[in-house]
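Per-entry structural report
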Amino acid sequence: MSSSSTVSKQSRRSFFKRTAAGAAMAIPGFALISGAEIAFAGPKPSLNDSDVAVLQFLAAAELVESDLWGQYCELATNNPGYRNALQRIDESLPDYICGVLEDERSHATFINAFLVAAGKTPINLDPFRTLPSVPVEGAKNIGRLTNLTNLTVDTSYYQRYRQAGNPDFGDGFAQIANIVNQPAVPTSESIRGDELRSVAQTAAFHFAAIEQGGSSLYNSFMTKVTNLDVVAILASIGPMEVYHFAVFQTALERIRKLEGHDGPSFPDIRENPNRGDIMPEPCTFLDKDLPVCSIIRPRSTNIAGAVAAATGLVNSGLFLGQSQAFFDAVVPLAKAADAALRS
């Protein structure tokens, strides 16, 4: 499969509208692993089709996250200029990045192992690792699932959690930074100074964007699964996404304007009147007649579910250059997960 088979902007917007047969279809590149390879102390988990659909999509999502965090960790660790630019935002950012990578890898490995223990098909995205690494110091020369060089980052989450609104009830929130088609990793050795700081600040906003999306995604699935072990998986992994989001949102408090720079228009968060106010404001939850409540939001399928999450990643440019086969494989997983129903 060639990485030169790219998807146009129009098709990236519309590819989730296509009819798909569901996760049970034969999906190219997804590996079958014998259940005998997994030792499970108790009886084999009994999963219905909805449980399997949710877990398969989450396995794919965690593999995608592992890929992007792997790229960030390589450069945060082994590229001195990028590491320094990240530490100007928060001294511990490189450590946070690599810690999140370890977490996301463990999530993907565990969910796939649980699927195998239940006699179900795990997800393997290795055939789609066709995108190139950036040609800079610290990056391994290996194929990637994701592209971090041309990102459009939705930063509305910053205002959403600082205001008493909920997207599930139609509330909207302004962007705090205008980040459109920007690199979140250095793309050449010549990038230095404020240009490199702009790359690092773009990455910092992207870190929090990814994890807040995962927080809502896991939450959206909680009422769709039946098996209590699957409920436990969602209830135990989902809060780790929230934990990561909280860490990266706190790190944003040192974002600053970059004067005379042609890149994104960053705010000086150090001068923001809401600086330090990182505890989510209470908002409408379940019904407008009930008292407001501090929660993760959104959680509705149409805004926070699998199709919404995957579409947001596509529109962000994260999969720029990916093959059509990749999208053809992921679409059914997302649709099946959103269609899941608790028995």
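Anything mentioned here points back to the structure above.
Residues numbered from 1 in each chain as written. Predicted model: local features only at pLDDT ≥ 70, side-chain atom pairs only at ≥ 80, totals over all residues. Heavy atoms only, no water.

Looking now at the overall build of the protein chain. The number of helices and strands found in the protein chain is 10 helices and 2 strands. Secondary structure elements of the protein chain occur, N-terminal to C-terminal, as α-α-α-α-β-α-β-α-α-α-α-α. Across the 343 residues of the protein chain, 51% fall into the buried class. Within the protein chain, contacts between residues separated by at least 24 positions form 79% of all contacts whose residues are at least 6 apart in sequence. Here the protein chain displays about 15,000 Å² of accessible surface, and carbon together with sulfur accounts for 52% of that area. (Helix = DSSP H or I, 4+ residues; strand = E, 2+ residues; numbered from the N terminus. Buried < 20%, exposed > 50% of the residue type's maximum accessible area, 1.4 Å probe, protein only. Contact = heavy atoms within 4.5 Å. Areas by Shrake-Rupley, 256 points an atom, 1.4 Å probe, with all protein chains shown as cover.)

Time to look at empty space enclosed by the protein. Under the definition given, this model contains 1 cavity of 30 Å³ or more. Lining the largest cavity are Q71, E74, L75, V134, A139, R144, L148 and V185. (1 Å grid on protein atoms, 1.4 Å probe; cavity = no way out; pocket = protein on both sides within 12 Å on 5 of 7 lines; lining within 4 Å. Points joined across faces, edges and corners; volume = space filled by probe spheres on them.)

Bringing the packing of helix α3 (residues 80-89) against helix α4 (residues 93-117) into the picture now. Relative orientation of the contacting elements α3 and α4 amounts to 105 degrees, with a least axis distance of 8 Å. In this view, α3 runs roughly perpendicular relative to α4, as classed from their interaxial angle. Along the contact surface, α3 presents R83, L86, Q87 and I89, while α4 presents L93, P94 and I97. Per-class residue counts for the contact of α3 with α4 are 5 nonpolar, 1 polar and 1 charged. (Axes fitted to C-alpha atoms, helices over the stretch in contact; angles between N-to-C directions. Parallel < 35°, antiparallel > 145°, perpendicular 65-115°, else oblique. Nonpolar A, V, L, I, M, F, W, Y, C, P; charged D, E, K, R; others polar.)

All right, on to the state of the cysteines then. Under the defined criterion, the tally for this structure stands at 1 disulfide. The side chain of C73 participates in a disulfide bridge whose partner is C98; the two sulfur atoms lie 2.1 Å from each other. Measuring the twist about the S-S bond at about 105 degrees, one finds the C73-C98 disulfide to be right-handed. Here C73 is found in helix α2 (residues 49-78), whereas its partner C98 is found in helix α4, with 25 residues between them in sequence. Looking at C283, it has no disulfide partner, and the nearest cysteine sulfur is the one in C293, 7.5 Å off. For C283, a relative accessible area of 0% puts it in the buried group. Looking at C293, the relative accessible area reads 33%, which means it is partly exposed. (Disulfide = S-S within 2.5 Å.)

Look at helix α10 (residues 324-338): 22 Å from first C-alpha to last across 15 residues, which is about the 21 Å you get at 1.5 Å a residue. Each element contacted by the buried residues of α10 is listed here: α2, α6 (193-221), α8 (301-304) and α9 (306-315). (Expected span 1.5 Å × (residues − 1).)

Turning to its location among the elements, V134 is positioned in the loop between α4 and β1 (151-153). For V134, a relative accessible area of 11% corresponds to the buried category. Sequence-wise, V134 and N147 are 13 residues apart; in three dimensions their C-alpha atoms are separated by 9.1 Å. The residues contacting V134, other than those within four sequence positions of it, are L75, A139, T149, V185 and P186.

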